[in-house]
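# Breakdown of the fold
If you want the building blocks of each chain, they are given just below.
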Amino acid sequence: MRTIRIAILPLLALSSAVFAQTIPPAVKSAEASVNAEKIRAHVKFLSDDLLEGRAPGTRGGEIAAQYIATQFALYGLKPGGDNGTYLQQVNFVGTKTLGDKTHFSLVPKRPEGGMGIMLYSYDLKFGDDYTVNNRTLTPSVDINAPIVFVGYGVVAPEFGWNDYAGVDVKGKVVLCIVGDPPSDDPKFFGGKALTYYGRWTYKFEEAARQGAVGALIIHRTDLASYGWDVVKNSNTGEKTYLRDNKDPQLAAASWIQLDVARQLFKAANLDLDTEMTAAGKRGFKAAELPVRLEAHIESTVRNFQSPNVIGILPGANVAEHKPDQAVLYTAHYDHLGMVPGKEGDNIYNGAADNATGCGMLLEMARAWASSGIHPPHSMIFAAVAAEEQGLLGSEYLGQHPPVPAGQIALDINYDMILPLGIPRQVSVNGAQRTTFNSAVEATAKRFDLAIVPDAHPEAGTYYRSDHFSLSRVGIPAFSIDQGELFEGHDLAWGEAKSKDFVDHDYHNFSDNYHPEWDFAGNAKLVRFGMELGWQAVSAPKPIEWLKGDEFEAARKASEK
């Protein structure tokens, strides 16, 4: 891969840089029309209490979808949804664990002829000690199964790593650590950067593929990059799943607190810290612990639909009946809903996450549609559902795009852009993995934006937003995010603002709209995305993943 980057990319960089300097005046005019106050107005409405947190399949979520569809219609975009509408309906199943009727107990096995460390069951408290969701989508399930410690729960042939080697977990419950095996080598599990193997979604998927009936992920704040409150708030309300997903599923997809894990290992006469250290080294062997999980899980189950909202500015190629090389812009409009009956603030308004991205998507759509420009290829605007439930709306969009995935040149995603003023930095993590990167670099320079690496690579942000769903079907994709340096402030100010939001507001009731927010930076990043999009639809060659990238094979398959 290194040889290819040296031999080929300079030519790509030269052609892209030259091309980037010839942005038509009409495109510049469209960019100039972007209005920060219009973004503010969208954010203020979408995060209003009226919308009750915009959860999928709820009144508030439907209001948000209809609002976005109405805006697309007013802009004159072509409907990209079902049956001539802007709505692409997605079939979901919602389940909510009934904490007062659900029971989790760790039951140690008493050694024959001796005394165990714990001779009694350790009963766990829902929400405080653990969360659980029954992904088999049945109203109730009972589990009485041994627990197998599988380290990080990873099967990664390219790294010569298999935590499931030599152990049979069929019908059992696996216990695993959140995150990747520790590494300082960027060629081994991404070094400090989290790979998809470290994501909780992967842990549950792999455990189910291995035949486990349940999985317990050990939460540790430094490894997860967020505290227990985020886990609790994200998993004790209704969880949503794609109804038609045929993949194997767990009856108990669970998180447990670090202290609970300590008790579990203590019951097995083991030390948690020692075992976690061993799990991060080659030679680790999974082992069944002398502890069982006895659980009864009760859930409400409901079938519903919630739409992706899609508008299209058709390209000239459509009229000429030629293959498309469309640019796709995405942002998720859903959030976590509300907690009925809770005293005080009980609505997850999701103002930053992600009314900001939706407001930016809408203003970009308006600017393009009202410009009078007829792009050479289509521009698609998609506000997607159920991102907070595991990128489900974008997963469905990737499987059912309005044009074939092989005819989408690029996806640019916006997710949670704090309105803090004009950024001097931009993060485009993932762009460096594509042949479009030189154009991104040249464009950032013109916008006086220093490209910075992901500020928190250990958080695995590339795998936590909707562009990832599009990447999985081969579409070159990345999110545009700001860095932490803003005009009029030093870097420490931006870092403190970001940390404060993550520590106190992220996935919390306090993520509310603030009148003092400054949307000038959001508008700037919209203009930046518009210019990148124009270059993508005007590029003389299709954009590709670099040779050897994890998504290269999917791209090649989509182009056949």
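Let us look at the structure shown here. This structure is a prediction, so every number in the text was calculated from the model and none was measured.

### Remarks on the environment of Glu-387
- Within the element layout of this structure, Glu-387 appears in the loop between strand 15 (379-384) and helix 12 (392-399).
- Taking the C-alpha atoms as reference points, Glu-387 and Leu-397, separated by 10 residues in sequence, lie 12 Å from one another.

### Comments concerning unusual backbone geometry
- Of the consecutive residues Asp-353 and Asn-354, the connecting peptide bond is found in the cis state with omega at 5°.
- With respect to the helices and strands, Asn-354 occurs in helix 11 (residues 351-369).
- In this structure, Glu-52 is a non-glycine residue whose phi angle is positive, near 50°.
- Looking at where Glu-52 falls in the secondary structure, it is placed in the loop between helix 3 (36-46) and helix 4 (59-75).

### A short note on empty space enclosed by the protein
- Under the criterion given, the structure shown has two cavities of 30 Å³ or more.
- In this structure, the largest cavity encloses a volume near 60 Å³.
- As for the largest cavity, its lining consists of Val-178, Gly-179, Leu-194, Gly-198, Arg-199, Trp-200, Leu-223, Ala-224, Ser-225, Tyr-226, Ala-459 and Arg-464.
- Taken together, the residues of the lining of the largest cavity break down into seven nonpolar, three polar and two charged.
- Forming the boundary of the second largest cavity are Asn-133, Arg-135, Trp-200, Phe-204, Asn-235, Lys-239, Tyr-241 and Ala-253.
- Within the residue set of the lining of the second largest cavity, elements represented by two or more residues are helix 5 (200-209) and strand 11 (239-242).
- Class assignment of the residues belonging to the lining of the second largest cavity gives a composition of four nonpolar, two polar and two charged.

### Here we look at the nonpolar core
- Grouped together as the largest cluster of nonpolar side chains are 155 residues, with contacts concentrated most on Phe-72, Trp-368 and Phe-381.
- By residue number, the principal contributor to this core is helix 11, which donates 11 residues.
- Here Phe-381 is in contact with Phe-72, Leu-77, Val-309, Ile-310, Gly-311, Leu-313, Tyr-329, Leu-361, Met-364, Ala-365 and Trp-368, once residues within four sequence places are set aside.
- Within the second largest apolar cluster, 14 residues are counted, among which are Ile-310, Ala-326, Val-403 and Ile-408.

### Focus on the pairing of strand 15
- Of all the six residues making up strand 15, six are buried; the element is thus mostly covered by neighbouring parts of the structure.
- Of the two faces of strand 15, the one holding Met-379, Phe-381 and Ala-383 and the one holding Ile-380, Ala-382 and Val-384 are both buried throughout.
- Of the strand pairs in this sheet, strand 14 (residues 326-332) and strand 15 are connected by six bridges, and their pairing is parallel. Directly across from Val-327, in strand 15, lies its bridge partner Met-379.
- In this view, the connection linking strand 14 to its parallel neighbour strand 15 by way of helix 11 has right-handed handedness.

### Some points on the layout of surface pockets
- Computed from the structure, the second largest pocket encloses a volume of approximately 1300 Å³.
- Listed by contribution, the elements that provide at least two residues to the lining of the second largest pocket are helix 1 (2-20) and helix 13 (437-446).
- Tallied by class, residues from the lining of the second largest pocket come to 18 nonpolar, 10 polar and 12 charged.

### With respect to the packing of helix 4 against helix 11
- Following both chains from N to C, one finds helix 4 and helix 11 inclined at 15°, their axes separated by 9 Å at the closest point. When the interaxial angle is binned, helix 4 and helix 11 end up roughly parallel. Considering only the axes of helix 4 and helix 11, their crossing is right-handed. Contact residues: Tyr-67, Ile-68, Gln-71, Phe-72 and Tyr-75 in helix 4; Cys-358, Leu-361, Leu-362, Ala-365, Arg-366 and Ala-369 in helix 11.
- Taken together, the residues that form the contact of helix 4 with helix 11 break down as nine nonpolar, one polar and one charged.

### Quick notes on the side chain of Lys-524
- Here Lys-524 lies in helix 16 (residues 520-538).
- There is no salt bridge for the buried Lys-524, and the closest opposite charge comes from Glu-487, which lies 4.9 Å off by N-O distance.
- Discounting chain neighbours no more than four positions away, the residues touching Lys-524 are Ile-422, Pro-423, Phe-447, Asp-448 and Leu-449.

### Some points on the pattern of salt bridges
- Inspection of the entire model under this criterion finds 21 salt bridges.
- The salt bridge involving Arg-59 is made with Glu-52; its shortest N-O contact spans 3.7 Å.
- In this structure, Glu-531 and Arg-446 form a salt bridge, with 2.4 Å as the shortest nitrogen-oxygen distance. Within this pair, whereas Glu-531 is found in helix 16, its partner Arg-446 is found in helix 13, the two being separated by 85 residues in sequence.
- Via salt bridges that share partners, Lys-28, Glu-31, Arg-446 and Glu-531 belong to a single interconnected network.

Quick notes on the rules
- Residues numbered from 1 in each chain as written.
- Predicted model: local features only at pLDDT ≥ 70, side-chain atom pairs only at ≥ 80, totals over all residues.
- Heavy atoms only, no water.
- Helix = DSSP H or I, 4+ residues; strand = E, 2+ residues; numbered from the N terminus.
- 1 Å grid on protein atoms, 1.4 Å probe; cavity = no way out; pocket = protein on both sides within 12 Å on 5 of 7 lines; lining within 4 Å.
- Points joined across faces, edges and corners; volume = space filled by probe spheres on them.
- Nonpolar A, V, L, I, M, F, W, Y, C, P; charged D, E, K, R; others polar.
- Core = buried A, V, L, I, M, F, W, Y, C linked by side-chain atoms within 4.5 Å.
- Buried < 20%, exposed > 50% of the residue type's maximum accessible area, 1.4 Å probe, protein only.
- Contact = heavy atoms within 4.5 Å.
- Pairing = 2+ DSSP bridges.
- Right-handed = clockwise from strand over helix to strand, strands pointing away.
- Axes fitted to C-alpha atoms, helices over the stretch in contact; angles between N-to-C directions.
- Parallel < 35°, antiparallel > 145°, perpendicular 65-115°, else oblique.
- Left-handed = near helix turned anticlockwise from the far one by under 90°.
- Lys, Arg positive; Asp, Glu negative; His and termini not counted.
- Salt bridge = Lys/Arg side-chain N within 4 Å of Asp/Glu carboxyl O.

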